[in-house]
Amino acid sequence: MFVPNEFPLNGVIMSAPFMSLHRCFQRSAHFIVARRSLGSSSVSPPPLHRRILLFLTQRFYDVEMLFSWSSQLRRKRIQKKNVYYGYSQRHYGRNIAAAYYILSLKGGCRFVGQSKWFRADQRGKFNWDFLDHKDTPLEEISMNHTLINYTGLENLEGQRSLRTLSLRGCPEVDDWFLARLHMFQDSLEELDISYCPRITTGGLAALRNLKGLRRLDVSSLPGISSPGLVIILLEEMLPQCQITATGYDFNLSQGGGEGNQEQVQGER
């Protein structure tokens, strides 16, 4: 009597795994059919120029991220080169620490009363004999085409006998850097800031503090507008200074033609 009731129950229990497998096959079949229908659709691919734009758009973010990463690494490298040499100052004094900083940036320097220059070669190698001049301040410094910046200038603080400072072609020398040169106002006589791309007209105004300046080179500064007027202002601020300014087209860069030039000359 119970056999007919047991067969359906047993049948349901035994067929459950087969039902799950059957549903899985059904879903796979529906998915394959859907892919075939999309692949066989009559929609034409986008034009070539759209595909190119899509490709460039996808790659743009990768390139932008790469440039950002490269810029961050460069800034960190510059900060590391211009770190404050506090350890050297505590153990060897200001003069040795300043010379070590200069040579580490592949610059050059000369001590007071010495004819020998200490310079680093292209590989950054230099002579360690500068350690013998612990009690002798620096008189001349050449940092041409180095990565010296506003922060690194702190390593030169206390050089009260510095007469010559050459910063030709330094990419990190800016207006803030010039404003900090007032620390040399009692000794500095020659300054070369030519070919420094980040210097603007506003930064040159800070040179008025260098009353003892005798020679100033401001040649080929791309950040300066109206260089003729700027030279006149510098001559008024530093009347005892010989100013060199080459690499400018004064006729075109004045912005006002011959009439403005005559007016400026009349005001002088």
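Definitions and cut-offs
Residues numbered from 1 in each chain as written. Predicted model: local features only at pLDDT ≥ 70, side-chain atom pairs only at ≥ 80, totals over all residues. Heavy atoms only, no water. Helix = DSSP H or I, 4+ residues; strand = E, 2+ residues; numbered from the N terminus. Buried < 20%, exposed > 50% of the residue type's maximum accessible area, 1.4 Å probe, protein only. Contact = heavy atoms within 4.5 Å. Areas by Shrake-Rupley, 256 points an atom, 1.4 Å probe, with all protein chains shown as cover. Patch = residues over 30% accessible without salt bridge, like charges linked within 9 Å, V, L, I, M, F, W, Y side chains within 5 Å. Salt bridge = Lys/Arg side-chain N within 4 Å of Asp/Glu carboxyl O. Lys, Arg positive; Asp, Glu negative; His and termini not counted. Charge placed at Lys NZ, Arg CZ, Asp CG, Glu CD. Phe/Tyr/Trp six-rings, centres within 6.5 Å; stacked < 30°, edge-to-face > 60°. Lys NZ or Arg CZ within 6 Å of the ring centre and 35° of its normal. Pairing = 2+ DSSP bridges.

Counting its regular elements, the protein contains nine helices and seven strands. Relative to its full complement of 268 residues, the protein shows a buried share of 34%. Considering only residue pairs separated by 6 or more positions, the protein has 68% of its internal contacts joining residues 24 or more positions apart. With an accessible surface of roughly 17,700 Å², the protein has 56% of that area assigned to carbon and sulfur atoms.

Our next topic: a positive patch on the surface. Among the surface-exposed residues, R77, K80, K81 and K106 lie close enough to one another that they form a single positively charged patch. With respect to the element layout, R77 can be found in helix 2 (residues 48–81).

For the rest of this paragraph, the subject is the environment of R160. Residue position: R160 is located in the loop between strand 3 (138–142) and strand 4 (164–166). Residue R160 is classed as exposed on the basis of its relative accessible area of 55%. When residues no more than four places from it in sequence are discounted, the contact partners of R160 are M183 and S187.

The next subject is unusual backbone geometry. Of note, the phi angle at H145 is positive, near 60 degrees, even though the residue is not glycine. For H145, the position within the fold is in the loop between strand 3 and strand 4.

Moving on: the pattern of salt bridges. Across all of its chains, the model carries nine salt bridges by this definition. Residues R74 and E172 are paired through a salt bridge, measuring 3.4 Å at the closest nitrogen-oxygen approach. With R74 in helix 2 and E172 in the loop between strand 4 and helix 5 (175–179), the pair connects residues that are 98 residues apart, well separated along the chain. A salt bridge links D129 to K116, with the shortest nitrogen-to-oxygen separation between them at 3.9 Å. Placement of the pair is D129 in the loop between strand 2 (118–119) and strand 3 and K116 in the loop between strand 1 (108–111) and strand 2, with a sequence separation of 13 residues. For D129, a relative accessible area of 36% translates into the label partly exposed.

Bringing the side chain of T164 into the picture now. Summarising the element assignment, T164 is placed in strand 4. According to the relative accessible area criterion, T164 is buried, its value standing at 12%.

Before going further, it helps to spend a moment on a nonpolar patch on the surface. Together, L48, I52, L53, F55 and L56 make up a nonpolar patch on the protein surface, roughly 500 Å² of accessible area in all. Its relative accessible area of 51% is what places L53 among the exposed residues.

Pairs of aromatic rings are described using the distance from one ring centre to the other and the angle between the two planes. Under the defined criterion, the tally for this structure stands at nine aromatic pairs. When the centroid spacing of 6.3 Å and the interplanar angle of 65 degrees are considered together, the rings of Y100 and F126 count as edge-to-face. Taken together, the residues Y100 in helix 4 (residues 94–104) and F126 in the loop between strand 2 and strand 3 connect sequence positions 26 residues apart. Y100 sits in the partly exposed class, given a relative accessible area of 27%. Looking at F126, the relative accessible area reads 17%, which means it is buried. Counting every residue linked through ring pairs, the aromatic cluster contains Y85, Y100, Y101, F111, F118, F126, W128 and F130. The aromatic ring of W117 is capped on one face by R119, whose charged end is 4.4 Å from the ring centroid.

Attention now goes to the pairing of strand 1. Of the two faces of strand 1, both are covered, the one formed by G108 and R110 as well as the one formed by C109 and F111. Relative to strand 2, strand 1 runs antiparallel, the two being bridged by two bridges. Within strand 2, the position partnered with C109 by the bridge is F118. As consecutive antiparallel partners, strand 1 and strand 2 are separated by six residues, and within that stretch G113 has a phi angle of approximately 80 degrees, a positive value. Of the strand pairs in this sheet, strand 1 and strand 3 are connected by four bridges, and their pairing is antiparallel. Of the residues in strand 3, the one forming a bridge with G108 is S142.

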